[in-house]
Amino acid sequence: MESTSIARPRGTSSTGQAMANSVNILLGVGLLSVPYALQQGGWAGLGVLATLGAMTNYTGKALIRCQTSGSLPPLAAELEATTAVSEAPLGGERRPLLSYEDIGEAAFGAGGRAFITFVLYTELIGTCALFFILEGDHLAILLHDAHSSRWFMTASAAVMIPTLWLADLSSLSYVGAVGALASVSLMGVVAYQLVAVGIFSGHIPPGIETTAALHLSTLPVSFGLLAFVFAGHAVFPAIYSSMDTPEDYEGMLDRTYGIVGVTCLIIGCAGYALWGEDVADEVTLNLPGGAASTLALALITINPLSKFALTMDPVARGLESALGVDISAKQGNGPLTARAMRTGLGLGALTVAATVPFFAVVMSLIGSFLTLTVSVIFPAACYLKMFEGEIGDGEKALNWAIMLLGGFGVVAGSYSALGEISATLGSA
């Protein structure tokens, strides 16, 4: 791999801000399904959680090592500008890698960029569909089934899709903080239920007798569900680029994973022990009535609103770049065209949500096929490609093992999820 000195701009975010962003991204909708993932795999699912956490932590670091070591040729416009200024055909300065797509291109060329762009954008649109499903389910509970879940999905779209029209998403940062608070509050509510029902009352939690050590036949489903918890790799390159002290990235990532891992462990064990085989695919659907659970449900409805525009933004900007449209333009029809395209993307996600409104199954499929590819397989492949002559046999074997295990999760998890979708649609 080339070792060219490239000017890499430093960001303005502190390490604490970068960690807050990372925690907010990882503590998303995947947290709600951790107890259900244990129901699918049994207590052995905790081993899956630990394995995926260790693997994605490693690949999160490997991905950024690729970003810091690689570079790309200058864009055509930059090359023309350089040639015009110098009045001589120059090669132009190589540019640093700023996104996941850049890393894919640096490792595998234009084909690598096209592949990871397709996988990333499909994952992000699928995640936005999950946001609509989440809103529909929880608003139906909060408003006592005044309308159907699909009606509430559509009503949510009327609020969420206009957030895509914003050229500057900084105005959503405070709502994002409330979304992170919602995730933590949910953990607290579920843990409180375990303490109140079990420890303080002196009784065994009611669902623990129906739990199992291992459900081998549905264990692959837990891979997809739990992989969704660690689905942050799409934005890790942007977080790294935003840091004013990027050398602190790996330590920041370790602390982030510690917080996320403990949160998932608490909510997963508490939810599975409390409700056992009856735990819902969204643990909030098991919460008994009361002020605390109502508050948690209300906060959870804010979470998708805070993440919807941020999640769809890379897809929208990629489409606008490909079509030469600028939402920030002061003149012309660019802003109107861009907003029309973004509205179409939002409606597309809503259509997916309304067509297959099965939260856990859709999340398992996205997690199995897309998230495991983005967070496990592709980073390891890029690292092997870009550092092939610089790493030892042990590290090569580790990355191959990660890719093989990730591939198993993709095949087995996708097969199980597609089977459940087929069975559910057949019985509908």
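Let me sum up the structure you'll find in this document. (Residues numbered from 1 in each chain as written. Predicted model: local features only at pLDDT ≥ 70, side-chain atom pairs only at ≥ 80, totals over all residues. Heavy atoms only, no water.)

### Regarding helix α10 (residues 249–275)
Helical geometry note: an α-helix holds 3.6 residues per turn, so side chains three or four residues apart project in the same direction.
No. 1: For α10, spanning 27 residues, the distance from its first C-alpha to its last is 38 Å, which sits close to the expected 39 Å at 1.5 Å a residue.
No. 2: The first or second residue beyond α10 is Gly-276, which carries a positive phi of 55°. (Helix = DSSP H or I, 4+ residues; strand = E, 2+ residues; numbered from the N terminus. Expected span 1.5 Å × (residues − 1).)

### Focus on the environment of Ser-183
No. 1: Mapping Ser-183 onto the fold places it in helix α7 (residues 173–199).
No. 2: Filtering out sequence-adjacent residues up to four positions away, Ser-183 remains in contact with Leu-27, Leu-31 and Asn-303. (Contact = heavy atoms within 4.5 Å.)

### Notes on the side chain of His-233
No. 1: Mapping His-233 onto the fold places it in the loop between α8 (219–227) and α9 (236–242).
No. 2: Of note is the side chain of His-233, whose polar atom sits 3.0 Å from the backbone oxygen of Thr-56.
No. 3: Here the side chain of His-233 touches Gly-60 through a polar contact of 3.3 Å, landing on its backbone nitrogen.
No. 4: Look past the residues within four positions of His-233 in its chain and what remains in contact with it is Thr-56, Thr-59, Gly-60, Leu-63, Tyr-100, Tyr-257, Val-374, Ser-375 and Pro-379. (Polar contact = N/O pair within 3.5 Å; in protein donor to acceptor, adjacent residues only side chain to side chain.)

### Digging into the nonpolar core
No. 1: Within the largest apolar cluster, 101 residues are counted, with the highest numbers of intra-cluster contacts made by Leu-52, Phe-132, Leu-186, Val-190, Tyr-249 and Phe-308.
No. 2: Among the elements that line this core, the one with the most residues is helix α5 (residues 100–142), at 15 residues.
No. 3: When neighbours within four sequence positions are excluded, Val-190 is seen to be in contact with Ile-267, Ala-270, Gly-271, Leu-274, Trp-275, Val-283 and Leu-287. (Core = buried A, V, L, I, M, F, W, Y, C linked by side-chain atoms within 4.5 Å. Buried < 20%, exposed > 50% of the residue type's maximum accessible area, 1.4 Å probe, protein only.)

### Some details on the packing of helix α6 (residues 149–160) against helix α12 (residues 334–355)
No. 1: Taken N-terminus to C-terminus, the directions of α6 and α12 make an angle of 170°; their axes are 10 Å apart at the nearest point. By the angle between their directions, the pair α6 and α12 is classed as roughly antiparallel. Contacts between α6 and α12 pair Arg-150, Met-153, Thr-154 and Ala-157 from the former with Leu-350, Ala-353, Ala-354 and Thr-355 from the latter.
No. 2: In terms of residue class, the contact of α6 with α12 is made up of five nonpolar, two polar and one charged. (Axes fitted to C-alpha atoms, helices over the stretch in contact; angles between N-to-C directions. Parallel < 35°, antiparallel > 145°, perpendicular 65-115°, else oblique. Nonpolar A, V, L, I, M, F, W, Y, C, P; charged D, E, K, R; others polar.)

### Quick notes on the pattern of salt bridges
No. 1: Counted under the stated rule, the structure contains seven salt bridges.
No. 2: The partner of Asp-313 in a salt bridge is Arg-317, with the nearest N and O atoms 2.9 Å apart. Of the two residues, Asp-313 and Arg-317 both sit in helix α11 (residues 291–323), four residues apart, roughly one turn of that helix.
No. 3: On the basis of relative accessible area, Asp-313 is assigned to the buried category, the value being 13%.
No. 4: Here Arg-342 ties to Asp-313 by a salt bridge, and the two come within 3.6 Å at their closest N and O atoms. Remark: Asp-313 occurs in helix α11 and Arg-342 occurs in helix α12; sequence separation between them is 29 residues. In this pair, the class of Arg-342 matches that of Asp-313, namely buried. (Salt bridge = Lys/Arg side-chain N within 4 Å of Asp/Glu carboxyl O.)

### Description of the environment of Ala-157
No. 1: Along the chain, Ala-157 turns up in helix α6.
No. 2: Overall, the relative accessible area of 5% leaves Ala-157 in the buried class.
No. 3: Distance in space between the C-alpha atoms of Ala-157 and Gly-346 is 7.7 Å, their sequence separation being 189 residues.
No. 4: Ignoring sequence-local partners within four residues, the contact set of Ala-157 consists of Phe-132, Pro-162 and Leu-350.

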